[in-house]
Amino acid sequence: MKARGVLLVMVGVALLLDASCKRQPGTEQSLFPASNQVAGWAKTGDTRTFEAADLWKYIDGEAERYLKAGVQRVSTADYKFENKVDAVVDIYTMGNADGAEKIFESEPAVDVKPMQLGDEARLYSQSLVFRKGAWLVRIVAFEESAETQQALLQLGRGIELRLAR
């Protein structure tokens, strides 16, 4: 009888741990589409994550602005569009939607096209920035072509779908 009770307790603890792990924000990797989940885009490296205390290692000089807005971490991954355009995707996890909005609003709004993506989005010639809830997403292409902006939008939409989960 005792062994059965211990077994039930162990199963209960295992189920609770499993459920809590799925709800914790450490699943940033799942926010990034795998290769070819967005047409033409291939993920070319591992996802890297920097916690708030280490943000300066990734965005030295800009980290303080994000820290004041409540950033918790940034996750970043490299992509390539049709073997022609290299890009980097940064997903900033903020403490709340106000922090994401604060950073978004501090970005330059010159030579941009407002887009319907997430809560608010801006498309530049070689980048796309949008916010959705407590996330701020920045996608930067290193080459400009006739298809760069449309490709950035496609990747942004793929990421937005993952943020909705």
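Residues numbered from 1 in each chain as written. Predicted model: local features only at pLDDT ≥ 70, side-chain atom pairs only at ≥ 80, totals over all residues. Heavy atoms only, no water.

Visitor: Describe the confidence of the model for the protein chain, listing the residues and the values that go with them.
Guide: Across the protein chain, the average pLDDT comes to 85, with 82% of residues at or above 70. Looking over the protein chain, one finds the lowest element-wise mean pLDDT in helix α1 (residues 2-23), namely 35, and the highest in strand β8 (residues 135-141), namely 98. Long-range and interchain partners of residues 1-26, a stretch whose pLDDT sits below 50, account for 1 contact in this model, where long-range means more than four residues apart. (pLDDT = per-residue confidence, 0-100. Helix = DSSP H or I, 4+ residues; strand = E, 2+ residues; numbered from the N terminus. Contact = heavy atoms within 4.5 Å.)

Visitor: Break down the pattern of salt bridges for me, citing the residues and quoting the values.
Guide: Per the stated rule, a full pass over the model turns up 14 salt bridges. In this structure, Arg-73 and Glu-51 form a salt bridge, with 3.5 Å as the shortest nitrogen-oxygen distance. Taken together, the positions of Arg-73 in strand β3 (residues 71-81) and Glu-51 in strand β2 (residues 48-51) put the pair 22 residues apart, joining distant regions of the chain. Between Glu-105 and Arg-122 there is a salt bridge, with its nearest N and O atoms 3.8 Å apart. Taken together, the positions of Glu-105 in helix α3 (residues 97-106) and Arg-122 in strand β6 (residues 120-123) put the pair 17 residues apart, joining distant regions of the chain. (Salt bridge = Lys/Arg side-chain N within 4 Å of Asp/Glu carboxyl O.)

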